[in-house]
Amino acid sequence: MAMNQPDNFDIQERQKSIRTKGRQSQPINCQADSIAGCVSQRACVYCGARVVLNPVTDAVHLVHGPIGCASYTWDIRGSLSSGSDLFRYSFSTDLREEDIIFGGERKLTRCIDELAERYHPQVMLVYSTCIVGVIGDDLEAICRKASLQHGIKVIPVQSSGFSGNKSDGYRVACEVLLRMIATPEDVPRQAHHLNYLGDFNLAGEAWIIRGYLQEMGIHVNVAFTGDSSYETLRTAPTASLNIIQCAGSMGYMAKRMQEIYGIPFLNISFLGLEDTVESLRRISAFFGDPLIASRTEALIQREMAIYGPTIQNYRRRLQGKKAAIFVGGGFKAISLIKQFRELGMEVVMVGTQTGQPEEYDTIHQLVSDGTVVLDDANPSELERFMLEQGADLLVGGVKERPLAFKLGRAFIDHNHERKHPLSGFTGAANFAREVEETVCSPVWKYLDK
Amino acid sequence: MNAQKDRVRNVNENPCNMCMPLGAIVPFKGIENAMVIIHGSQGCATYMRRHMAEHFNEPIDVASSSITEKGTIYGGEANLRQGLDNLIRLYNPRVVGILSTCLAETIGEDIVGTASVYQQEKGHSPVPRLVPVPTPGYGGSHAEGYFKALVSIVATLCRKTRKHDGINVIVPHISPADVREIRRILELMKVNYTLLPDIADTLDSPYTKVYKKIPAGGTPLEAIEAMADARATIQFGETMDDDLSPGNYLESKYGVPLHNLPLPIGIEACDRFLALLQTLTLNPVPEVLQKERGRLLDAMVDSHKYNREGHAAVFGEPETVYAISRLLVENGIAPAILATGSAKGHLPYLLQQLTAECDEKALIMMDSDFADIRRHCAGKGINLAIGSSDGRLLTEREGIPLVRLGFPIHDRIGGQRILSLGYTGTIMLLDQITNTLLAAKYSHYRQDLYQRFYPDRPSSMEQ
């Protein structure tokens, strides 16, 4: 399919971030700043920090800045809670012109006082936004003072938007979490207890995995940060293993927890049958307990007996279809490539907002020749490669969805807003069903492609 | 009586508004072959795109100058210039809106100066017309951002050449379906008009075989330029201060007479709009519109008894809140709580005039948030909320059904297709309001009456 505007793609600096397997051998350029004017799909430091921290259910999340940053992140994500729902509320210092001129510190203090009095939270997270970094409010000092005054943890989140990209925001969030779980004395290690890092309990995904592990005889102390609370997070240092789903956001946390608490970690993935089975076996192998091992096999056998045939049914309908992927992190892209393989589908384009070099290496190995791999893509590139590569479907987030639809392509919502789980065996079946529902919908035949 | 500003609180809890640059994007999306760049950090553009894409169900391409740490310290001009270069190469637009952000304004970026130098330097090649709009996030709500962009658009692009008999029609932030309805009415009245901004096709674009990065439609540049020479301006923008009123600008700068009207929602406002068009064009109201008017009257009568049971909370952008409040008053629905997140403008005065005669005193809230709105709704017999999907907690927590209208609609499909103005749109909206009241009645009247009157009922009802 020819491009209607062939010169659209003429941005030299972008070429280094686009690779076609089998045609270009140099490694892809990633982790670079977005180029001005290219319409990057990436967000900012604040976004990264907010995504990771927001699912802490009983925290007051106070955004220090003008109203927009709070408005655009208010209750937009599908993290579920078994307890408090304070995290679904948006709190902002709503800075105005006069605050910019005279400084926002006094207003911030008043806001913290009000919230402490009204909600009595154990922890309050105070996010800095772009201008807070510029007008020089001393967040650290204000939070320290407020902590003492109210007898609660008030923790600054240094997330001024311009101070890096979304990945830097992940790291900021990890530092905050480390502060929250810090213990003054050594804690006893509990055998068969683990922490589950990088699952935000979208549509109850962390609950599904917790259920599997429980059945295997393994207790999840806490998920970072899906359905977590101040109390449960504090139990993290006693775990004997960290497993990481979203490596992009939580890889750093796992490394730091290994340094500080000596807790080893495993990168796992519960997206797709193949990865789920392998991940459960690796977790079981880590504990080296025959009872856990036999329970794990029983679980796998039972679930595969239910969901294996389901996936096969969908595979028959989807075989040979072509998929394009554009998601936030590298781990998700990698799992998706395998998941599409389970469905007999070929991945013809794969990109991420914030993938890391080693993740792109893995992606490169997994895909076939001719697949386009790209970092920090923009709508023009997504359009071009979806058409050129003949993708039947795109996996992405809210911003990409209407583009796919305008191009007459099916679409999978693999974002934080989703309302059905895509993790574990049941999630793999949901994924297959969603792919089938969109790719095989009757509506496409009416479009004049 | 002054508008309620009872936020003794400092904290904003569950916001009822967004920031200026988001509002300012919309008018540029209603100009033919236009693009927008936001001078700020990458996140601003991305968040606003997401917010809008989910409402309009359309790709929303907005560039960013992606200011980083370095730009914040040494100035972001180079970023903005590179951003302009790249977006012009990618999109080849005829008009580019340059919107600042809280970051850009705070570090002292001069977008007006940069735009003017850029335009001059690149004058030899086809450079799009640049329209800088200072929109710091702390400077007002998205509603003000919308009008501020419109003022900048007319101030930058309009130029006086030769008088013509066209009529400017300036609309506030309404849905593409609403814009289409205004166009239909203008066409039925055989008006020679320029409608600004025209998002009818750009933010609700039909499926076409070939995708266009900048969707077809929007007000053409030449038509905007000629607005300075129009015979009159009709503006649906009574709530905005003069400095945020493009109609006022055209009147004071170019002498184009301004007719400021409320949005044509409800019989009175529609009649005023049609009467004005009749006066300006000397054309009669065609039979098709007369019949629609008659049907609206019929609908009002059909539903009036049900509507009297309504006690409504309305929230959203000032222009919409005013128009909906008028509709409620006309139909005997109590306008109990009237709230906006905006802090400025004539809305309090207009609402006080409007509700002066109401049996129930209306609570008018400026600069409000959903914590305020919810608190005032609780236990007050409010049985209807009208506004964006951001009011969802009113339903979830207070059990008050929400008629979705305005921006954003994030938890339902079709925000871009909601029609609620003109005689026909009013009927659709009014029916929806009445049916929401009826749905509540049907869901519990049997039980209510049993509870209240059945003498031998057990003390605690099972079920």
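Values in this document were obtained by computation on a predicted structure and should not be read as measured data. Position labels on residues start from 1 in each chain and follow its written sequence. Just so you know, chain letters begin at A and ligand numbers begin at 1, following the order they were written in. It should be noted that, the model being predicted, local features are given only for residues of pLDDT at least 70 and side-chain atom pairs only at 80 or more, the latter also being counted only at that level, while totals for whole chains, interfaces and linings use all residues. Hydrogen atoms and water are omitted, and side-chain values are computed over all heavy atoms in the structure.

J.: Break down the sheet that holds strand β14 (residues 410–413) of chain A for me, citing the residues and quoting the values.
T.: Adjacent strands of a sheet form backbone hydrogen bonds with each other and so pair up, either parallel or antiparallel. Residue and element names in this part refer to chain A. Only when DSSP finds a minimum of two bridges between them are two strands counted as paired. We count a stretch as a helix when DSSP gives it H or I for four or more residues in a row; a strand needs E for two or more, and each element gets its number in order from the N terminus. Strand order in the open sheet made by the six strands is β1-β12-β11-β10-β13-β14, with mixed pairing throughout. Across the chains shown, the open sheet's two edge strands, defined by having one partner strand only, are β1 (18–20) and β14. Neighbour to neighbour, the strand axes of the sheet diverge by 15° on average, direction disregarded. Bridge analysis of strand β11 (residues 346–352) against strand β12 (residues 372–375) gives four bridges, and the strand direction is parallel. Its bridge partner lying in β12, Met349 is registered against Val372. For helices, the axis comes from a line fit to the C-alpha atoms of the stretch in contact; other axes are also lines fit to C-alpha atoms, and the angle between any two N-to-C directions lies between 0 and 180 degrees.

J.: Residues and numbers for helix α8 (residues 205–216) of chain A, please.
T.: How far a helix is expected to stretch is found by multiplying one less than its residue total by 1.5 Å. Over its twelve residues, α8 of chain A extends 17 Å from the first C-alpha to the last, a length consistent with the 16 Å expected when each residue adds 1.5 Å. Residues count as neighbours in contact if any of their non-hydrogen atoms are within 4.5 Å of one another. Along its buried surface, α8 of chain A packs onto β6 (193–199), β7 (219–225), β8 (241–244), α11 (273–287), α12 (290–318) and α17 (424–439) of chain A.

J.: Residue-level account of the packing of helix α11 (residues 267–281) of chain B against helix α12 (residues 287–307) of chain B, with values.
T.: Residue and element names in this part refer to chain B. The N-to-C vectors of α11 and α12 enclose an angle of 165°; their axes lie 11 Å apart at closest approach. Relative to α12, the element α11 is oriented roughly antiparallel. Our pair here, α11 against α12, has a crossing hand that is left-handed. Counting all contacts with α11, which are made through Ile267, Asp271 and Leu274, the residues of α12 involved are Leu289, Arg293, Leu296, Leu297 and Met300. Basically, the charged four are Asp, Glu, Lys and Arg, the nonpolar ten are Ala, Val, Leu, Ile, Met, Phe, Trp, Tyr, Cys and Pro, and anything else, Gly included, counts as polar. Tallied by class, residues from the contact of α11 with α12 come to six nonpolar, no polar and two charged. For this classification, under 35 degrees means roughly parallel, over 145 means roughly antiparallel, 65 to 115 means roughly perpendicular, and everything else is oblique. The hand of a helix crossing depends on one turn: near helix anticlockwise from the far one by less than a right angle means left-handed, and clockwise means right-handed.

J.: Outline the packing of aromatic side chains, supporting the account with residue identities and numerical values.
T.: Stacked, edge-to-face and tilted are the three classes for Phe, Tyr and Trp ring pairs, Trp counted by its six-membered ring, which pair at centre distances within 6.5 Å; planes under 30 degrees apart are stacked, over 60 edge-to-face, the rest tilted. Taken as a whole, this structure holds 19 aromatic pairs over all chains when the rule is applied. Consider the rings of Phe56 of chain B and Phe407 of chain B, whose centres lie 6.1 Å apart with planes at 35°: the pair is tilted. Of the two residues, Phe56 of chain B sits in helix α2 (residues 42–56) while Phe407 of chain B sits in the loop between β14 (402–404) and α17 (422–453), which places them 351 residues apart along the sequence. Burial here depends on accessible area, computed with a 1.4 Å probe over protein chains only, as a share of the maximum for the residue type. Under 20% is buried, over 50% is exposed, and the range in between is partly exposed. Taking relative accessible area as the criterion, Phe407 of chain B reaches 9% and is therefore assigned buried. Joined through ring pairs, the aromatic side chains of Tyr46, Tyr72 and Tyr127 of chain A together with Tyr47 of chain B make up one cluster. Lying over the aromatic face of Tyr91 of chain B, Lys213 of chain B brings its terminal NZ or CZ to 5.7 Å of the ring centre. Charge-over-ring placement is defined geometrically: NZ (Lys) or CZ (Arg) within 6 Å of the ring centre, and within 35 degrees of the ring normal.

J.: Provide a residue-level description of the environment of Gln15 of chain A, including the pertinent values.
T.: Tracing the backbone shows Gln15 of chain A in the segment before β1. Of the residues examined, Gln15 of chain A reaches a relative accessible area of 28% and is grouped as partly exposed.

J.: I'd like a description of the pattern of salt bridges, backed by residues and values.
T.: When a carboxyl oxygen of Asp or Glu is within 4 Å of a side-chain nitrogen of Lys or Arg, the pair counts as a salt bridge. Summed over the entire model, instances satisfying the criterion amount to 51 salt bridges over all chains. For Glu303 of chain A, the salt bridge is made with Arg302 of chain A, and the minimal N-O distance between the two is 2.9 Å. Residue classification places Arg302 of chain A among the partly exposed residues on the basis of a relative accessible area of 37%. Residue Glu383 of chain A is joined to Lys213 of chain B by a salt bridge in which the shortest nitrogen-to-oxygen separation is 3.8 Å. Taken as a pair, Glu383 of chain A in helix α15 (residues 379–388) and Lys213 of chain B in the loop between β7 (193–196) and α9 (221–225) lie in two separate chains rather than in one. Under the relative-accessibility criterion, Glu383 of chain A is labelled buried at 1%. Each of Asp75, Asp85 and Arg88 of chain A together with Asp390, Arg392, Glu396 and Arg397 of chain B takes part in a single network of salt bridges with overlapping partners.

J.: Hey, could you go over the side chain of Asn201 of chain A for me, with residue numbers and the actual values?
T.: All names here are of chain A. Examined against the element boundaries, Asn201 turns out to sit in the loop between β6 and α8. We classify Asn201 as buried; its relative accessible area is 0%. A distance of 3.3 Å separates a polar atom in the side chain of Asn201 from the backbone nitrogen of Trp207. Between N or O atoms, a polar contact is any pair within 3.5 Å; within protein, one atom must be a potential hydrogen donor and the other a potential acceptor, and residues adjacent in sequence are included only when both atoms are from side chains.

J.: Pulling in residues and values, what's your account of the interface of chain B and chain A?
T.: Across the boundary between the two partners, chain B contributes 69 residues, which contact 73 residues of chain A. Around 6100 Å² of area is buried between chain B and chain A when both sides are counted, 57% of it from carbon and sulfur atoms. The interface formed by chain B and chain A contains eight salt bridges. Run the count over chain B and chain A and you get 28 residue pairs in polar contact (both at pLDDT 80 or more). Of the residues forming the side of chain B that touches chain A, the biggest block, ten residues, is contributed by α2 of chain B. Taken together, the residues of the side of chain B that touches chain A break down into 28 nonpolar, 23 polar and 18 charged. Once two parts are joined, some of their accessible surface, as seen by a 1.4 Å probe, is lost; buried area is that loss totalled over both.

J.: Provide a residue-level description of helix α7 (residues 166–181) of chain A, including the pertinent values.
T.: All names here are of chain A. Under the 1.5 Å per step criterion, the end-to-end length of α7 is 23 Å for 16 residues, consistent within 8% with the ideal 22 Å. What α7 keeps buried is the set Lys166, Gly169, Tyr170, Val172, Ala173, Cys174, Val176, Leu177, Leu178, Met180 and Ile181. Residues of α7 that are buried in the fold lie against α1 (45–53), β4 (123–128), β5 (153–157), β7, α9 (230–234) and α10 (247–261).

Limitation: the analysis is restricted to geometry and does not speak to function.
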